[in-house]
There are 2 protein chains.
Amino acid sequence: MSSIPKIVILGAGYGGILTALRLQKELNYNEADVTLVNKHDYHYITTHLHMPAAGTDNPENARVSISKLIDEFKIDFVKSTVVQIRPQDKKVILEDGTLSYDYLVVGVGGEPETFGIPGMSEYAMNIRSINSVRLIREHIEYQFARYKREPHRSDYLTFIVGGAGFTGIEFVGELSDRLPELCRQFDVDPSIVKLYNIEAAPTALPGFDSELVEYGMEVLRKKGVTFKIGTAIKECTPDGVIVGEGEEIRSQTVIWTGGIRGNRLIEEAGFETMRGRVKVDEYLRAPGSENIYIVGDNSLVFNPEGRPYPPTAQIAMQQGVVCAHNLVASIRNQSLKSFEFKNKGTVASLGKGEAIGIAFGKKYKGSTAAWLKKLIDLRYLFIIGGIPLVLRKGKFL
Amino acid sequence: MSSIPKIVILGAGYGGILTALRLQKELNYNEADVTLVNKHDYHYITTHLHMPAAGTDNPENARVSISKLIDEFKIDFVKSTVVQIRPQDKKVILEDGTLSYDYLVVGVGGEPETFGIPGMSEYAMNIRSINSVRLIREHIEYQFARYKREPHRSDYLTFIVGGAGFTGIEFVGELSDRLPELCRQFDVDPSIVKLYNIEAAPTALPGFDSELVEYGMEVLRKKGVTFKIGTAIKECTPDGVIVGEGEEIRSQTVIWTGGIRGNRLIEEAGFETMRGRVKVDEYLRAPGSENIYIVGDNSLVFNPEGRPYPPTAQIAMQQGVVCAHNLVASIRNQSLKSFEFKNKGTVASLGKGEAIGIAFGKKYKGSTAAWLKKLIDLRYLFIIGGIPLVLRKGKFL
């Protein structure tokens, strides 16, 4: 049995789960031992988390049990947390055990990048897991309940979203739908509620088509969002945030969506990193390690102009496919495939029935874009779980 | 117009709303001006609040819009908060105005009695209004979400109910149904969750049939409730409670159901009070004031053995009926009716499908008692709102 190569996949995010699914499909019987390790026994659909965070959807619809995705006759699943990666020993230390590997796939996901803003890690919440979005949802509802007891505390009903990238904008879109609903539910005058979206860059959705960005911001402004663009958060405190030239916005709820960096585990493993991400070779391997692949938020891939691609679900999925191909090729002594990102378009939702996007080289907005977003989400469910998953979860999108 | 007597009713609780409904029925056209004043534009069904507090029912099902109950052609409704009652001027000062009266009905409800336990008013929550139960529900859910971020904080999942009277027991019954549901929802191991019911008296439900109490406690124990009976809470702190001989139970959630006293407004009005309640005469009038009736938690009525009846919905409703009768009789110079409490029985729910009760001179337990409880609630809906209200709200009971 020892002659069968051991593949260990760390993380069941987009990159890890796609790698696992493809290996499951492409490997022949007894060609390799594959073990998938994940902190939770479910995979979550990160691009959907803005909805349960705002409370416009049930968190259950943003996760899928791993046992429903992988075939446990072909892939072993270990629910555990990775403590340390030891490339020199070809070992991974888990919270409750150790795994040896011949090939390793690292897709343990990113961590919030707070750019050293004081107080941000302590006092802000992040949209990054099922647990974190349940916390945000409950926290927001709780502020309404608290306000009814202490009606002088308007800071309970001031909500601050730091960062107007994709996650920030999509979350603000959902929250602007949800807040009027909470006002009705808790008998609160909607004019008391404030929703700020604060972004240090000179525009929302930096890098995105400016006409669509303008349209999107207008949609959100009409739903009550106050934008502060080109305004840096200087500090996050228990009482709110300090922005720009020292202005304080008092709030009990700060959600930070300003950035993702790599992972401490990657740095500690001794890989060369930039913001916790590894600049992988063309085959997605860690430099100097022919048996270690790095995917998703943990990897850094550059476009032909030499600038890093932002970490998205789309790129992670494509990486997973190539990573699985290269693992199989390595085992079979075939030649590896270079990774090349194919941008299939991007759609940002702005809440119910509204979105902006670019796909197939065209711009979309309004309900057509919202429908496109739904199609992308359905396609993803189909890719990972086939028709049964589409039927089970798709109706909630 | 000045010859028409003005009746002002303060509070739309059980006593106030019943008075209003009966006046609406019995008074002839132009026989009196009736104004009902209430802090909210809804009446709430206090005996149902333990359910939305635990989260086993929607708070909407525990309230009824006052405009659905009273006929605004016959009774004026003023949504305002009473600031001061001035019997000598025959005036009531509201937050945003003043009302003169010829006859006054005071039914502004009670306040939690904390018996001077340090920290209890600051750190404990109470089951006493729609706002307060929404706070409790949201607070409890929030603790589960917080626990997932800080799994070493088991005090987030320790819930303390102070007082094992009717409210305490009924709330504990609901919460013991709700906690396993929350464990599933938040992926929490149920063995981590603790639910304490602490009572200083030597028994739960003091004064109730001891065989039924024993049965009820056994039902609740099986659902995971830990009773500490004959154990006084010495202090409530931000970290939990100190009980008995200095034992600390760490918890972020203390709900105090230990008692109800009268109202500060009553004391400030110059009436003679005991714990903020007025010992009314046989016609339910404040001693020495022929034109002021006091009902519900604000009044104190003694049984033939000379002991005060506990303040319940049942007694408040019966008072409302007699109060309205006596108001009409006064206006018509007819003779007044003495108030006599007729105990029609008592049922305490213990969560889904379980209850204990005494009615028609018989003991009930289990599902029969739970059904009886439902009938009592339906009957109340019928009394205040007729068949339409039973149809609208009754299905949720």
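What you see is a predicted model, and the numbers here were worked out from it, not measured in a lab.

## Quick word on the overall build of chain A
Here is step 1: A tally of regular secondary structure across chain A gives 10 helices and 26 strands.
Here is step 2: Its C-alpha atoms give chain A a radius of gyration of 22 Å, within 12% of the compact-globule value 21 Å for 397 residues.
Here is step 3: C-alpha extents for chain A along the principal axes are approximately 70 × 40 × 40 Å.
Here is step 4: Sorting the 397 residues of chain A into buried and exposed places 55% on the buried side.
Here is step 5: Looking at chain A alone, contacts between residues at least 24 apart form 66% of all its contacts between residues at least 6 apart.
Here is step 6: With an accessible surface of roughly 17500 Å², chain A has 50% of that area assigned to carbon and sulfur atoms.
Here is step 7: Counting 48 positive and 47 negative side-chain charges, chain A places the centres of these two groups 4 Å from one another.

## A closer look at the sheet that holds strand S21 (residues 277-279) of chain A
Residues and elements named next belong to chain A.
Here is step 1: In spatial order, the strands read S20-S21-S23; together these 3 strands make up an open sheet with mixed pairing. Pairing within the sheet leaves two strands with one partner each, and these edge strands are strand S20 (273-274) and strand S23 (299-300).
Here is step 2: Strand direction decides the pairing type here: S20 and S21, joined by 2 bridges, are antiparallel. For Met 274, the partnering residue across the bridge sits in S21 and is Arg 277.

## Describing the packing of aromatic side chains
Here is step 1: If you walk through the whole model with that rule in mind, you get 13 aromatic pairs over all chains.
Here is step 2: Look at Phe 144 of chain B and Phe 159 of chain B: their rings are 6.0 Å apart centre to centre, the planes differ by 15 degrees, and that puts the pair in the stacked class. Here the residue Phe 144 of chain B occupies a position in helix H5 (residues 130-149), and Phe 159 of chain B occupies one in strand S11 (residues 158-162), the gap between them amounting to 15 residues.
Here is step 3: For Phe 159 of chain B, a relative accessible area of 0% puts it in the buried group.
Here is step 4: What links up through ring pairs into an aromatic cluster is the set Phe 144, Phe 159 and Phe 186 of chain A.

## A word on the domain arrangement of chain A
Here is step 1: Its domain assignment divides chain A into domain 1 (6-39 + 80-110 + 262-343) and domain 2 (120-256).
Here is step 2: If you average the C-alpha positions of domain 1 of chain A and of domain 2 of chain A, the two centres end up 35 Å apart.

## Some details on the pairing of strand S12 (residues 158-162) of chain A
All names here are of chain A.
Here is step 1: Within S12, 5 of the 5 residues are buried, which leaves it mostly tucked inside the rest of the structure.
Here is step 2: Burial along S12 is two-sided: the face carrying Thr 158, Ile 160 and Gly 162 and the face carrying Phe 159 and Val 161 are both buried.
Here is step 3: Judged from the 5 bridges that link them, S12 and strand S13 (residues 194-199) form a sheet pairing that is parallel. Paired with Thr 158 across the two strands is Lys 194, which belongs to S13.
Here is step 4: In this region the chain leaves S12, passes through helix H6 (residues 166-186) and returns to the parallel neighbour S13; the handedness of that crossover is right-handed.
Here is step 5: Relative to strand S18 (residues 253-256), S12 is paired through 4 bridges, and the arrangement is parallel. Considered in S18, the bridge of Gly 162 is made with Trp 256.

## A few points about the relation of the copies chain B and chain A
Superposing the two chain copies requires a rotation about an axis and a translation along that axis.
Here is step 1: Overlaying chain B with chain A gives an RMSD of 0.0 Å, the required rotation being 180 degrees about an axis along which the chain moves by 0.0 Å. Taken together, the rotation angle and the small translation identify this as a two-fold axis.

## Some thoughts on the sheet that holds S11 of chain B
Residues and elements named next belong to chain B.
Here is step 1: Spatially, the 4 strands line up as an open sheet ordered S13-S12-S11-S17, and their pairing is parallel. Looking along the sheet, the strands with just one partner apiece sit at the ends: strand S13 (225-229) and strand S17 (253-256). Adjacent strand axes in the sheet meet at a mean angle of 20 degrees when their direction is disregarded.
Here is step 2: Of the pairings in the sheet, the one linking strand S12 (residues 194-199) to S13 comprises 5 bridges and is parallel in character. Looking at S13, one finds that Glu 199 is bridged to Ile 229.
Here is step 3: Where H5 meets the sheet, its contacts fall on S11 and S17, and the angle it forms with S17 comes to roughly 160 degrees.
Here is step 4: The strands touched by helix H6 (residues 166-185) are S11, S12, S13 and S17; relative to S12, the strand with the most contacts, the crossing angle is about 175 degrees.

## Observations concerning the interface of chain B and chain A
Here is step 1: With 19 residues of chain B in contact, the opposing surface of chain A contributes 19 residues.
Here is step 2: Sorting the residues of chain B by area buried against chain A places Leu 135, Glu 138 and Tyr 142 of chain B first, and these three jointly supply 34% of that buried surface.
Here is step 3: Seen at the junction of chain B and chain A, the total is 4 salt bridges.
Here is step 4: Among the salt bridges present, the one from Asp 187 of chain A reaches Arg 63 of chain B, with a minimum N-O distance of 2.6 Å.

## Examining a positive patch on the surface
Here is step 1: There is a patch of like positive charges on the surface, built from Lys 337, Lys 342, Lys 344 and Arg 379 of chain A.
Here is step 2: Looking at the secondary structure, you find Lys 342 of chain A in the loop between helix H9 (313-331) and strand S24 (346-349).

## Some remarks on the UniProt feature "domain: FAD/NAD(P)-binding" (unreviewed entry) in chain A
Here is step 1: Summarizing the sequence annotation, UniProt attributes the feature "domain: FAD/NAD(P)-binding" (unreviewed entry) to residues 6-320 of chain A in the numbering used throughout.
Here is step 2: Structurally, residues 6-320 of chain A is divided into 30% helix and 28% strand, and its ends, taken at the C-alpha atoms, are 17 Å apart.

## Points about the pattern of salt bridges
Here is step 1: Summed over the entire model, instances satisfying the criterion amount to 46 salt bridges over all chains.
Here is step 2: Residue Asp 155 of chain A pairs with Arg 153 of chain A through a salt bridge whose shortest N-O separation is 2.9 Å.
Here is step 3: We classify Asp 155 of chain A as buried; its relative accessible area is 7%.
Here is step 4: One network of salt bridges, with partners in common, ties together Glu 60, Arg 63 and Arg 134 of chain A together with Asp 187 of chain B.

## Examining the environment of Leu 389 of chain A
All names here are of chain A.
Here is step 1: Along the chain, Leu 389 falls in helix H10 (residues 366-393).
Here is step 2: When the C-alpha atoms of Leu 389 and Arg 332 are compared, they prove to be 32 Å apart, with 57 residues separating the residues in sequence.
Here is step 3: In this structure Leu 389 touches Val 64, Leu 69, Leu 381, Ile 384 and Gly 394, once residues within four positions along its chain are discounted.

## Regarding a nonpolar patch on the surface
Here is step 1: Nonpolar side chains collect at one region of the surface, where Phe 382, Ile 383, Ile 387 and Leu 391 of chain A lie side by side and expose about 400 Å² of accessible area between them.
Here is step 2: You can call Ile 387 of chain A partly exposed: its relative accessible area is 49%.

What counts, and where the lines are drawn
- Numbers given for residues are sequential positions, taken from 1 along each chain in its written order.
- Written order decides the labels, with chains lettered from A and ligands numbered from 1.
- Restriction of local features to residues with pLDDT of at least 70 applies here, the model being predicted, together with a cutoff of 80 or more for giving and counting side-chain atom pairs; totals for whole chains, interfaces and linings are based on all residues.
- Water and hydrogen atoms play no part in the side-chain values, which are based on all heavy atoms of the structure.
- Numbering of helices and strands runs from the N terminus, with a helix taken as a DSSP run of H or I at least four residues long and a strand as a DSSP run of E at least two residues long.
- For the radius of gyration, the atom set is restricted to C-alpha positions; the globular benchmark scales as 2.2 Å times the number of residues to the power 0.38.
- Three exposure classes are used, based on accessible area relative to the maximum for each residue type with a 1.4 Å probe and protein chains only: buried under 20%, partly exposed in between, and exposed over 50%.
- Whether two residues are in contact is decided by their heavy atoms: any pair within 4.5 Å suffices.
- Methods summary: accessible areas were calculated by the Shrake-Rupley approach with a probe of 1.4 Å, and residue burial reflects only the protein chains presented.
- We count Lys and Arg on the positive side and Asp and Glu on the negative side, and we leave His and both chain ends out.
- Charged side chains are reduced to one point each, which is NZ for Lys, CZ for Arg, CG for Asp and CD for Glu.
- Any two strands with at least two DSSP bridges between them are considered paired.
- Centre distance within 6.5 Å is the pairing criterion for rings of Phe, Tyr and Trp, where only the six-membered ring of Trp is used; planes under 30 degrees apart are then read as stacked, over 60 as edge-to-face, and the remainder as tilted.
- Domain borders in the structure are assigned automatically or taken from a domain database.
- Orient the strands so they point away from the viewer, and a crossover whose first-strand-to-second-strand path over the helix runs clockwise is right-handed.
- When the copies are superposed, the least-squares fit takes in the C-alpha atoms of residues with a pLDDT of at least 70 in both.
- Only the stretch in contact is used when fitting a helix axis, every axis being a line fitted to C-alpha atoms; angles between N-to-C directions are given from 0 to 180 degrees.
- What counts as buried area is the accessible surface, traced by a 1.4 Å probe, that two parts surrender upon association, with contributions from both included.
- Salt bridges are counted wherever a side-chain nitrogen of Lys or Arg sits within 4 Å of a carboxyl oxygen of Asp or Glu.
- Grouping into patches uses exposed residues only, defined as over 30% relative accessible area, and leaves out salt-bridged ones; the cut-off is 9 Å for like charges and 5 Å for nonpolar side chains (Val, Leu, Ile, Met, Phe, Trp, Tyr).
- UniProt positions are given in the numbering used here, feature names are shortened, and annotations may be inferred rather than shown by experiment.

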